[in-house]
Amino acid sequence: MSSTVSPLAPKNVPDMPLIAGVRLATAEAGIRYKNRTDVLLAVMDKGTAVAGVFTKSKCPSAPVEWCRAKLKGGKARALVVNSGNANAFTGKTGRASTALTAKIAAKAVGCSEGEIFLASTGVIGEPLDATKFDGVLGRLAETAEPGDYLAAAKAIMTTDTFPKVATATVKLGKAKVTINGMAKGAGMIAPDMATMLSFIFTDAPIAPAALQALLKAGVEDTFNAVTIDGDTSTSDTLLAFATGAAAEHGAPKISRASDPRLKAFAKAFNQVLANLSEQVARDGEGARKLVEITVEGAKTKASARRIAMSIANSPLVKTAIAGEDANWGRVVMAVGKAGEPADRDKLSISFNGIRVAKSGARDPSYDEVQVSEAMKAPEIAILVSLGLGKGRDRVLTCDLTKEYVAINGDYRS
């Protein structure tokens, strides 16, 4: 956790309303850090539905494996998240740690171990001493309150420079329902489900299958459209919890994601995901510029996505942006290497609305002074027009600075 906040951090932090059926508490368990909170316990009322999407890494963490197995039950009573140790690549010891953590949490909350969900973030390969949760989780279960999401978000930070929270309120039937979310992530961020850790809570009465479908669809153009460094974490976890408490106020019970009554809720739900995923991009390790890359005129949306990701993950493109250099040659390189349909002589490129390349060559009206001034902005928009079809997509990334190297060079120190 950095003491220097990213210059790209949101200027305003939203007031996070209470959600009936959710209580939160944090503590210092001494997992790795000193003098800071490093464990979060969220306690949910009985009957809370749960959905989740996880990393596609072939080397997943023990908590990811645990959650995948327990997700089949569709119900959750508690979430335990720790920072400082990812409990990944820890073999049988890691699996034993998750089992012990779940056992301690289940006793503290008064539920079955199958209703406990876990997430860990931090160093890979170090054993997690789950005995440190003994007593701590019991204390947290007693003191948990339906309150401080900002404190909860702070407890799960690693190299993040600011806590990430988002909220939305929307009508479901005749009732008002709330969606609150938090996320952590600044490095080892590349889309392949939902990059980083993120947790969404709502009082809407949505069945597990419908919530799962909503979540799976929602990540595609939000968390899966963000990359910091092209590295997919072993621990990526996005969990959504629906307590159903709003049913008492007239919210209809939703069993299918295709239910037309869910349309406004789905839009608000996706807005929360989009807000959180942008905050992750804004907090990229060492980032000084938020970069939006839009590819249009591709053969398909999928093709546009792959080309946009090729650009976003290029160290040469990202370092040029850090140097405030509108080096369209590097963008051309990234388009060409993507392995997708492209025609050099139809390619056009713009930086912050200024076209620098047209029809496969430098734009005749190119003005170095004008473009250089535009590249000083904290937010850079790159538009690539392929001229081949109607496929369009957009991804978020950030620049690559010396600070990124410093942070990751010292990560285990």
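About the thresholds
- Residues numbered from 1 in each chain as written.
- Predicted model: local features only at pLDDT ≥ 70, side-chain atom pairs only at ≥ 80, totals over all residues.
- Heavy atoms only, no water.
- Helix = DSSP H or I, 4+ residues; strand = E, 2+ residues; numbered from the N terminus.
- Expected span 1.5 Å × (residues − 1).
- Buried < 20%, exposed > 50% of the residue type's maximum accessible area, 1.4 Å probe, protein only.
- Arc of directions from axis to C-beta.
- Contact = heavy atoms within 4.5 Å.
- Pairing = 2+ DSSP bridges.
- Axes fitted to C-alpha atoms, helices over the stretch in contact; angles between N-to-C directions.
- Domains from an automatic or database assignment.
- Buried area = accessible area lost by both parts, 1.4 Å probe.
- Salt bridge = Lys/Arg side-chain N within 4 Å of Asp/Glu carboxyl O.

Taking 1.5 Å per residue as the helical rise, helix H6 (residues 263-282) with its 20 residues ought to reach 28 Å, and the 29 Å between its terminal C-alpha atoms agrees with that figure. Taken as a whole, H6 has its buried residues at Phe265, Ala266, Ala268, Phe269, Val272, Leu273, Leu276, Ser277, Gln279, Val280, Ala281 and Arg282.

Turning next to helix H8 (residues 315-322). At 3.6 residues per turn, the α-helix brings residues three or four places apart onto the same side. Looking only at H8, the buried set comprises Val317, Lys318, Ala320 and Ile321. What you see down the axis of H8 is that its buried residues fit within an arc of 160°, all on one side. Summarising the contacts, the buried residues of H8 are in contact with strand E9 (290-298), helix H7 (301-312), helix H9 (328-337), strand E13 (379-385) and strand E14 (391-398). Where H8 terminates, the next one or two residues include Glu324, which has phi positive at roughly 55°.

On to the sheet that holds strand E12 (residues 361-362), then. Taken in spatial order, the six strands of this open sheet run E12-E11-E10-E13-E9-E14, and their pairing is mixed. If you trace the sheet from one side to the other, it starts and ends with E12 and E14, each paired once. Of the pairings in the sheet, the one linking E9 to E13 comprises seven bridges and is parallel in character. Following the sheet pairing, Leu290 is matched in E13 by Glu379. Of the strands in this sheet, strand E10 (348-351), strand E11 (354-358), E12 and E13 are in contact with H9, which crosses E10 at around 130°.

Moving on, we come to the domain arrangement of the protein. Domain boundaries in the protein define domain 1 (22-283) and domain 2 (290-410). For domain 1 versus domain 2, the separation of C-alpha centres amounts to 33 Å. Between domain 1 and domain 2, the contact holds 14 residues from the first and 16 residues from the second. Summed over both partners, the interface of domain 1 with domain 2 comes to about 1200 Å²; 52% of that surface belongs to carbon and sulfur atoms. Across the contact surface, domain 1 and domain 2 share three salt bridges. A salt bridge links Lys301 to Asp221; its shortest N-O distance comes to 3.2 Å.

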